[in-house]
Amino acid sequence: QARGKRHAWELILALIALGILHGERTPYGIGQWIATQEEALLRWLEPSRPYLPSGSTIRRALQHISIERAEEQLRRFTEGQVRNRCEGEYKGLALDGKSIRGTYKHGKSVHLLSAVYHQPAAVVAQIEVGSKENEISAAPALLAQIDLRGCVVTTDALLTQRKLCRQIVAQGGHYLMQVKDNQPQLKENIAYLFEEPPWTREEKTQEYQCYTTVDKGHGRLERRVLETSTTLNDYLDWPHLQQVMRRTTYRTDLKTDETTVTVTYGITSLSPEQADAAQLESLWRGHWTIENRVHYVRDVSMGEDAGQAHSDHIPQALALFRCMVLTLLRLAGWRYIPDAFRHYRASLKESLQLLGLLPAPP
């Protein structure tokens, strides 16, 4: 009730984000952190009352926060920031799901589907996949929230679905999707084309292009060969198809000199004029941003899977705050997130500036 209100929502939300930035994983931990920093926080934030919310208040706030409104604010902020930085370019947008494993111990399963811009690895939208749904049924609702104009949506093979391709193009975007055994006829046709091509390997035309990249690191040498073709455009019954792809990866262990070969296939609505083989390779590799620079960081550096919060939609709310904090760090230019955490934990003032609660230095 109005007469029982003691703290502004803005203050509570800011303190939750600050607690997560400083390494806390649960409402109880955030409450303890607030108590230890109360004197400094009161001085910097100047709340209307001379005390701050307790851990129980933080927990109740996370139980009652509107997930939909918070997700909408995250989407608006991230879209605006990324579009200002990448105007005139195709922006890679990766879709992938992630489970919060810490909830399993309490008999609850929380699975989230996220959309992440390849650059700067910023989360733009996230929704919960219901217990009676899967990622295929949840993806259309997630994409419907996002302005896809100028975006190339990248997915793994699970989401390679005709209906989703039509929706992406109808919203003004493009798609680049992997093809595996869940689309057996499509995969077979693409594989046969590259095994028995109607062109010579030396030709580089719109009908056939090839691009090779070589990387060395982590004790191995990787050579990736991406081949593209427009030959099947009129043959395959697939919405808005412009190119098919075969990507062959050769990984050589530098200690044992053993080489493994992996072949994957893909499709895209981008024509050769819109994206050549080199650009498609960049988009293909960029898809793994969502695993390497978002999901892994949330699990390992932010302890999401180790968190034990499970009541109501608290796990989803905490995951959303982690996405918000991680997005702010990426937009601030941090590539190695553990370094960012160490930096901001050493300075409460700079943490407040990162969240916009204090003016940034000139």
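Okay, so let's go over this structure. Since the structure is predicted, the reported quantities are computational estimates derived from the model, not experimental observations.

Thresholds applied
Residues numbered from 1 in each chain as written. Predicted model: local features only at pLDDT ≥ 70, side-chain atom pairs only at ≥ 80, totals over all residues. Heavy atoms only, no water. Helix = DSSP H or I, 4+ residues; strand = E, 2+ residues; numbered from the N terminus. Buried < 20%, exposed > 50% of the residue type's maximum accessible area, 1.4 Å probe, protein only. Contact = heavy atoms within 4.5 Å. Areas by Shrake-Rupley, 256 points an atom, 1.4 Å probe, with all protein chains shown as cover. Lys, Arg positive; Asp, Glu negative; His and termini not counted. Charge placed at Lys NZ, Arg CZ, Asp CG, Glu CD. Salt bridge = Lys/Arg side-chain N within 4 Å of Asp/Glu carboxyl O. Pairing = 2+ DSSP bridges. Axes fitted to C-alpha atoms, helices over the stretch in contact; angles between N-to-C directions. Arc of directions from axis to C-beta. Polar contact = N/O pair within 3.5 Å; in protein donor to acceptor, adjacent residues only side chain to side chain. Patch = residues over 30% accessible without salt bridge, like charges linked within 9 Å, V, L, I, M, F, W, Y side chains within 5 Å. Parallel < 35°, antiparallel > 145°, perpendicular 65-115°, else oblique. Nonpolar A, V, L, I, M, F, W, Y, C, P; charged D, E, K, R; others polar.

### Topic: the overall build of the chain
Thinking step 1. The helix and strand inventory of the chain stands at 13 helices and nine strands.
Thinking step 2. Burial analysis of the chain (362 residues in total) assigns 51% to the buried set.
Thinking step 3. In the chain, the share of contacts with a sequence separation of at least 24, taken over all contacts with a separation of at least 6, comes to 62%.
Thinking step 4. With an accessible surface of roughly 18000 Å², the chain has 48% of that area assigned to carbon and sulfur atoms.
Thinking step 5. Side chains of the chain give 44 positive and 42 negative charges; the mean places of these two sets differ by 8 Å.

### Some points on the pattern of salt bridges
Thinking step 1. What the rule picks out here adds up to 18 salt bridges.
Thinking step 2. A salt bridge links Arg 149 to Asp 147; its shortest N-O distance comes to 2.7 Å.
Thinking step 3. Arg 149 gets classed as exposed once you look at its relative accessible area, which sits at 56%.
Thinking step 4. Residue Asp 147 is classed as partly exposed on the basis of its relative accessible area, which comes to 21%.
Thinking step 5. Asp 181 serves as the salt-bridge partner of Lys 187, at 2.8 Å between the closest nitrogen and oxygen.
Thinking step 6. Using a relative accessible area of 26% as the deciding quantity, one classes Lys 187 as partly exposed.
Thinking step 7. Asp 181 gets classed as exposed once you look at its relative accessible area, which sits at 57%.
Thinking step 8. A single salt-bridge network, built from bridges that share partners, covers Asp 215, Arg 220, Glu 222, Arg 224, Arg 247, Arg 251, Glu 281 and Arg 285.

### Describing the environment of Leu 283
Thinking step 1. By the secondary structure assignment, Leu 283 is in helix H9 (residues 277–286).
Thinking step 2. Taking the relative accessible area as the measure of exposure, Leu 283 reaches 11% and is therefore buried.
Thinking step 3. Sequence separation of Leu 283 and Val 300 is 17 residues, and the distance between their C-alpha atoms is 25 Å.
Thinking step 4. Discounting chain neighbours no more than four positions away, the residues touching Leu 283 are Gly 92, His 118, Val 152, Thr 154, Leu 176 and Leu 270.

### Concerning the sheet that holds strand E1 (residues 91–99)
Thinking step 1. The strand order E3-E2-E1-E4-E5-E9-E8-E7-E6 describes an open sheet built from nine strands, whose pairing is mixed. Edge positions in the open sheet fall to strand E3 (122–129) and strand E6 (208–217), since each of these has one partner strand only. For this sheet, the mean inter-axis angle between neighbouring strands, taken without regard to orientation, is 20°.
Thinking step 2. In terms of strand pairing, strand E5 (residues 174–179) meets strand E9 (residues 259–268) through four bridges, oriented antiparallel. Considered in E9, the bridge of Gln 178 is made with Gly 266.
Thinking step 3. The strands touched by helix H5 (residues 67–85) within the sheet are E1, strand E2 (111–117), E3 and strand E4 (151–155), with E3 carrying the most contacts at an inclination of about 150°.
Thinking step 4. Contacts from helix H11 (residues 314–331) reach E2 and E3, with the element oriented near 170° to E3.

### Details of helix H6 (residues 135–144)
Thinking step 1. Among the residues making up H6, those that are buried are Glu 135, Ala 138, Ala 139, Leu 142 and Leu 143. For H6, the arc enclosing every buried residue in end-on projection is 130°, short of the 170-degree limit, so these residues lie on one face.
Thinking step 2. In this structure, the buried residues of H6 make contact with E1, E2, E3, E4 and helix H7 (162–170).
Thinking step 3. Capping the start of H6, Asn 134 holds a side-chain oxygen 3.1 Å from the backbone nitrogen of Ile 136, two or three residues further along.

### Examining a nonpolar patch on the surface
Thinking step 1. The grouping of Val 214, Leu 221 and Leu 254 at the surface amounts to a nonpolar patch, some 240 Å² of accessible area in total.
Thinking step 2. Within the secondary structure, Val 214 sits in strand E6.
Thinking step 3. Overall, Val 214 belongs to the exposed group, its relative accessible area being 51%.

### Focus: the packing of helix H1 (residues 9–21) against H11
Thinking step 1. At a minimum axis separation of 10 Å, H1 and H11 run at an interaxial angle of 70°. Taken together, the axes of H1 and H11 are roughly perpendicular relative to one another. Contacts between H1 and H11 involve Leu 13, Ile 16, Ala 17, Ile 20 and Leu 21 from the former and Leu 318, Phe 321, Arg 322, Val 325 and Leu 329 from the latter.
Thinking step 2. Residues of the contact of H1 with H11, tallied by class, amount to nine nonpolar, no polar and one charged.

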